[in-house]
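A closer look at the structure
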Amino acid sequence: MTQVGLSSPSLPMCPSAMRTTLAFARRELREALTSRWFLLYTAAFAVLAVATSFMSLAGTGSHGFAGFSRTAAGLLNLVMLVVPLMAMTAGATSVAGERERGTLLYLLAQPVSRLELLLGKFIGLSAALCASLCIGFGLSAGVLAWRAGGAGVGSFLSLVGFTCLLAVVTLSVGLLISVSTRKASVATGVAVFVWLTLVFLSDLGLMAGSLLFKFRVQELFSLAIINPLQAFKMSAILGLNASLDVLGPAGVYASRTFGAALPWMLAGVLAAWGALSFLAAALIFTRRAPV
Amino acid sequence: MIHVKGVIKKFGPVAAVDGVSFHIDEGESIALWGSNGAGKTTLIRCLLGVLRFRGRIVVGDENVKRRGKMARRLIGYVPQELAFHDDTRLGAAMIFFAKLRRVDPARCVELLEQVGLTGHERKRVRDLSGGMKQRLALAVAMLADPPIIILDEPTSNLDAVGRSEVFEMLQVLKRKGKTILFASHRPDEVIGLADRLLVMEKGRLVRDTTPASQWPAAGAVQTMRLVVAGEREESAATLLRDAGHIVHLNGRGLCVLAPHDKKALPIRLLAQAGVDIHDFEILEDFNNEEGAR
Amino acid sequence: MKLQRAIVTFALFVAGATMTPAIAAEYVSTVGAIEKLIESADPGATVRVPAGRYTGNLRITKPIVLEGAGVVTLDGGGEGTVVELLAPDITFRGFTVTGSGAGIDREPAGIRAETGPVTIEDNRIEDALFGIDLREAPNSVIRQNQIRGKDMELGRRGDGIRLWWSHGCVIEDNIVHSTRDMVFWYSEDLMIRRNRVEDSRYGLHFMYSHHTVLSENVLLRNSVGIYLMYSNEITIEGNTLAQNRGASGYGIGLKDCDGIVVRNNSLLANRVGSYIDNSPSSVDSSGVFEGNLIAFNERGMLMTPNTHDVILTGNGFVENEEQVAVHGRGDLTLNTFTRDGRGNFWSNYAGFDADGDGIGDFPYEAASLFESLIAREPNLRLFVHSPAQQAIEFTARAMPAVRPSPKFADTAPLMTPPTVEIVQIQRSHAGLMTVCAICLVGVAVLVLNVMGRSAVLPGPVAALSSEVLV
């Protein structure tokens, strides 16, 4: 029994806020592991990633030329479609769901601050999402190593990195939705709508606008990168090609104008979306949100 | 131990708690009395610092508004019904809260034994009975051995057996010298547990009294439950209140207080008014039970 | 064991210390020494130059076979052309040539021949503005030379190999790196094979040079792979053109060329697999693309709208972002995509082959709404690789009303791509990728298992916690 006491004072340097946050993060991670959405998304992403890798190598895999660059294009589409949906719905249901079930009240009645709770959820869900993505990418990497000789390890890892960043960023957006709504079903609905907007509507709108109003190239580029998904796409393409010229005149314009600053700019857009969303979520949750 | 001054909580235009002030000393046991919607739950949530409010609440030496986390450290909270992630196992839930409270996990084992949940560690929260849930909630509340226990109608969802189990535990806590604040609309509980009684109506604190003065013939009062047709409940309650009875609706009929030698009085009143009584039940008298021991 | 190692280390150290002066004591002389050797030899004789470093600019004016015996370095010291071949029937073999001038105005070269035929083989040319320059040196042979240009920006570099009015030459097995072009001016009946050009501007560039065969060359990471201008009757066969991604980034570019045959090449991951501008230019001529593998390019083929009489058959169009594109607006219906009942393989062909004859049962029609939108508004290319693009294509498939008219049709699409031998041009990283795969999955499992599990608790709770969390 004497050693029992060791567990609490063994982390004396660790501030209590951090320990509470970590406790919430671990709880979130554990719950993700047992929850259906997590298993479903992980399986779906893994299957799709492997299938995409196979298909993009079909017909040419034998001569091992295609390597990663072609698979990347397929994976990019998949990631842009699946990852924001996964992260945003996960974020959206997290707080709203607890509120609806009444568990939020009980948690907040403990000696914890709301920020600790939100941050813990954010960290736990981020870890769960990234782990889920890593499984899918890992299997996909296995296919590439086997069928394509595995050229482009660096590019591949950069895609994995940016995808995890995208997941974390869209998770923040999901959390913002979650703290602003009372019911999990409403939060999910809003998240799906935001997803639709980011994935399809904003791009289609910009295309229509471009055809109608003949946006200049810098106007189109600036409008496009406001969308975190476009910023992600450009970051990923930069990681693969070191230049955006595959994106036509607007890409060439961006590469020429911003040069070495471009990756930082795009990462900045993503980071800003993540940080501002989380900040807004934290403000709403600590200041305004009822339980 | 708890100072409440001018607390106002509005939901939109409606003031759920409207200018409530009171004071609780260390070791006191206080009942919040009032019908549904009187503002008891809202007041408790303000005390916990879970809701934002106007006014001032100090728990221990901590201002709830500014140092809510520190204040909550002094409070163990038992909700009406424990709400925790349904898939979590009882033991895991206990350890989680032990971590939040920085309590040695060994204490989980100790407490589970105290509340009689040893051997149920692997059960999932969703599979627990109402009584087990409330005992778990009590165990969680007592994890850090806080000086204050706040309970929001802890027995209202329980059957008779569960109710008496929880009630007994509360009496143990009271004997240990904990400061207890609990909301209830069961006179038997109030009489058996409370030193003082704060009566709330429509968000206001209307009386700060004692069970003895609220029910002068406390020993002689019994609670009975009358079951009438659902649509007649409201009018029946009004009728009985007009006749001087204390009545509350708890969703399972009318709970009516009556002198133990005139229990037929409310029944007759209702019968005269043409309200059919489907069933009635005399609820246990805790004082008698205590006496029997 | 330790002692042994120490002795070996010491011995190696001593050996190294004694050998260093031997390397430093390389034989150094001027090219005058070589000129003396040549003077004393009869025409047509073989002169072997002893190993060493010779400074200065060498001029050879006698038909002779000059061979380096061992490592023979000719160093121009950064001035002028290092070696000039000024008589016919010279063979220049086995030298390292370095240090030409750098000013483009006098076009200093590593080796320049002013008359032919000459044979230049097995040389290594480094730090020269132009590599090998043949001026009116017909019937010469340039074989197995390695040329590396000066480390300068693309526009200021010289050509790796240049022919000027030199007919009937053979250029084979050379490796050229970081130069401007390998360029052929007014030179006919050439044989250009098995050369490798990397990281240069135009891999193989033809100006007004007709009747030539280009075969089995590898053109990698240049601005443009092969660029033919105003050159007719040229056969391009079995070449590999990959990752040529400069500003225009063509694998093969044709401008105003008649009678071109492009057969069994692989055009991979270029910006544009093949660009066709007004070729054939005359009305009665045609161009043939046959059996090429055109894969992973941003655009498989890019043709100007006036292009006519190009016959494409048996080619494999695999996973190009845009398989065949029109440069500007218009269609390609004046060209032939099916001949003798055989068309091309299209990786995005949605039809099937029920009768199993290897030919798809429905025509392949190149009609993409997104591509036609890009043709109208090039800026929209910004949205490729995004789900919105897929949405547009899906809409077009679902609603024929918005489907654009096809650019062309292949009435007999093939069900299998051509088999083309591809040179291995990328190192394999299978091991690294496997490690990467294992690491990713490992990290995931670690995060989920270790972090997602609560810490092991001591005392009697250990049983509780481990039991609870299984």
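Residues numbered from 1 in each chain as written. Chains lettered and ligands numbered in written order. Predicted model: local features only at pLDDT ≥ 70, side-chain atom pairs only at ≥ 80, totals over all residues. Heavy atoms only, no water.

Scanning chain A from N- to C-terminus turns up 11 helices and 0 strands. In sequence order, the secondary structure elements of chain A are arranged as α-α-α-α-α-α-α-α-α-α-α. Within the span of chain A, comprising 291 residues, buried residues form 58% of the whole. Taking as baseline every contact in chain A between residues at least 6 positions apart, the subset at least 24 positions apart corresponds to 81%. Roughly 10,700 Å² of accessible area belongs to chain A as shown, and the carbon and sulfur atoms make up 73% of that amount. (Helix = DSSP H or I, 4+ residues; strand = E, 2+ residues; numbered from the N terminus. Buried < 20%, exposed > 50% of the residue type's maximum accessible area, 1.4 Å probe, protein only. Contact = heavy atoms within 4.5 Å. Areas by Shrake-Rupley, 256 points an atom, 1.4 Å probe, with all protein chains shown as cover.)

To continue, consider the side chain of A:Ser94. Residues and elements named next belong to chain A. On the secondary structure map, Ser94 appears in helix 3 (residues 67-101). For Ser94, the side chain forms a polar contact with the main-chain oxygen of Gly91, separated by 2.8 Å. Sequence-distant contacts of Ser94, that is, excluding residues within four places in its chain, are made with Glu28, Lys121, Leu125, Leu175 and Ser178. (Polar contact = N/O pair within 3.5 Å; in protein donor to acceptor, adjacent residues only side chain to side chain.)

Turning our eyes to something else, we now look at the sheet that holds strand 22 (residues 202-207) of chain C. All names here are of chain C. One open sheet accounts for 12 strands, arranged 4-7-10-13-16-19-22-25-28-31-34-37; its pairing is parallel. Each having just a single partner strand, strand 4 (58-60) and strand 37 (322-326) make up the two edges of the open sheet. Mean inter-strand twist for the sheet, computed between neighbouring axes without regard to direction, equals 10°. (Pairing = 2+ DSSP bridges. Axes fitted to C-alpha atoms, helices over the stretch in contact; angles between N-to-C directions.)

A few words on unusual backbone geometry. Residues and elements named next belong to chain C. With an omega dihedral of -5°, the bond running from Gly116 to Pro117 counts as a cis peptide bond. Locating Pro117 in the fold gives a position in the loop between strand 10 (109-113) and strand 11 (118-121). Here the residue pair Ser279 and Pro280 is connected by a cis peptide bond, since its omega of 0° sits within 30 degrees of zero. Looking at the element boundaries, Pro280 is found in the loop between strand 31 (272-277) and strand 32 (287-290). For Tyr230, which is not glycine, the phi dihedral falls at a positive 50°.

Right, let's get into the packing of helix 8 (residues 217-226) of chain A against helix 9 (residues 228-241) of chain A. All names here are of chain A. Packing of helix 8 against helix 9 leaves a shortest axis separation of 5 Å and a crossing angle of 105°. In terms of their interaxial angle, helix 8 and helix 9 are classed as roughly perpendicular. Residue-level inspection shows Phe221, Ala224, Ile225 and Ile226 of helix 8 in contact with helix 9, the latter providing Pro228, Gln230, Ala231 and Met234. Taken together, the residues that form the contact of helix 8 with helix 9 break down as 7 nonpolar, 1 polar and no charged. (Parallel < 35°, antiparallel > 145°, perpendicular 65-115°, else oblique. Nonpolar A, V, L, I, M, F, W, Y, C, P; charged D, E, K, R; others polar.)

Within the fold, B:Phe11 resides in strand 1 (residues 2-11). Other than its neighbours up to four places away in sequence, B:Phe11 contacts B:Ala16, B:Thr42 and B:Leu51.

A few words now on the nonpolar core. With 188 residues, the main nonpolar core has A:Phe137 and A:Phe156 as its most contacted residues. Ranked by residue count, the leading element in this core is helix 5 (residues 114-147) of chain A, at 16 residues. Residue assignment places this core across two domains, with domain 2 (249-366 + 405-441) and domain 3 (368-403) of chain C each supplying three or more. C:Phe92, C:Val118, C:Ile171 and C:Leu190 belong to the second-largest nonpolar core, a separate cluster that totals 74 residues. (Core = buried A, V, L, I, M, F, W, Y, C linked by side-chain atoms within 4.5 Å. Domains from an automatic or database assignment.)

Counted by the stated rule, this structure contains 35 aromatic pairs over all chains. Ring geometry for A:Phe24 against B:Phe96: centres 5.7 Å apart, planes inclined by 65°, an arrangement best described as edge-to-face. Of this pair, A:Phe24 sits in helix 1 (residues 16-34) while B:Phe96 is found in helix 3 (residues 90-100), placing the two residues in two different chains. The same class applies to A:Phe24 and to B:Phe96, which are both buried. An aromatic cluster is defined as three or more aromatic residues linked by ring pairs; in this entry it consists of A:Phe24, A:Tyr106, B:Tyr77, B:Phe84, B:Phe96 and B:Phe97. The ring of B:Phe96 carries the charged tip of A:Arg27 above its face, separated from the ring centre by 5.3 Å. In this structure, C:Arg201 is placed above the aromatic ring of C:Tyr202, and the distance from its NZ or CZ to the ring centre is 4.8 Å. (Phe/Tyr/Trp six-rings, centres within 6.5 Å; stacked < 30°, edge-to-face > 60°. Lys NZ or Arg CZ within 6 Å of the ring centre and 35° of its normal.)

Another point: helix 3 (residues 369-376) of chain C. Buried within helix 3 of chain C we find C:Leu369, C:Phe370, C:Glu371, C:Leu373 and C:Ile374. Packed against the buried residues of helix 3 of chain C are helix 7 (184-213) of chain A together with strand 37 and helix 4 (387-398) of chain C. Sitting at the amino-terminal end of helix 3 of chain C is C:Ser368, which places a side-chain oxygen 3.4 Å from the backbone nitrogen of C:Phe370.

Our focus in this paragraph is the pattern of salt bridges. Summed over all chains, the structure comprises 49 salt bridges over all chains. Across the pair B:Lys133 and B:Glu81 runs a salt bridge, and its minimum N-O distance is 3.3 Å. With B:Lys133 in helix 5 (residues 130-142) and B:Glu81 in the loop between strand 6 (75-78) and helix 3, this residue pair connects regions lying 52 residues apart in the sequence. The class of B:Glu81 is partly exposed, set by a relative accessible area of 40%. One network of salt bridges, in which partners are shared, links C:Arg48, C:Glu67, C:Arg93, C:Glu121, C:Arg143, C:Glu172, C:Asp173, C:Arg193 and C:Arg194. (Salt bridge = Lys/Arg side-chain N within 4 Å of Asp/Glu carboxyl O.)

Moving on: the pairing of strand 28 (residues 250-255) of chain C. All names here are of chain C. Taking burial as the measure, the 6 residues of strand 28 include 5 buried ones, the bulk of the element. Note: strand 25 (residues 224-229) against strand 28, 4 bridges, orientation parallel. By the bridge assignment, Met229 is partnered in strand 28 with Lys255. Strand direction decides the pairing type here: strand 28 and strand 31, joined by 5 bridges, are parallel. Within strand 31, the residue paired with Ile252 across the bridge is Ser274.

Let's shift gears to the domain arrangement of chain C. Residues and elements named next belong to chain C. Per the domain assignment, the segments of chain C are domain 1 (42-200), domain 2 (249-366 + 405-441) and domain 3 (368-403). Taking the mean C-alpha position of each, domain 2 and domain 3 sit 21 Å from one another. Across the domain 2 to domain 3 interface the summed buried area is about 610 Å²; carbon plus sulfur atoms make up 36%. Counting the surface domain 2 buries against domain 3, the share from its top three residues, Glu321, Glu322 and Arg329, is 62%. Scanning the region where domain 2 abuts domain 3 turns up 2 salt bridges. Here Glu322 ties to Arg381 by a salt bridge, and the two come within 3.3 Å at their closest N and O atoms. Where domain 2 packs against domain 3, one counts 3 residue pairs in polar contact (both at pLDDT 80 or more). Residue classes in the side of domain 2 that touches domain 3 are distributed as 1 nonpolar, 2 polar and 5 charged. (Buried area = accessible area lost by both parts, 1.4 Å probe.)

Moving on, we get to the side chain of A:Arg27. Tracing the chain through its elements places A:Arg27 in helix 1. Classification of A:Arg27 by relative accessible area gives buried; the value is 3%. Residues within four places of A:Arg27 in sequence aside, it is in contact with A:Glu98, A:Leu107, B:Phe84, B:His85 and B:Phe96.

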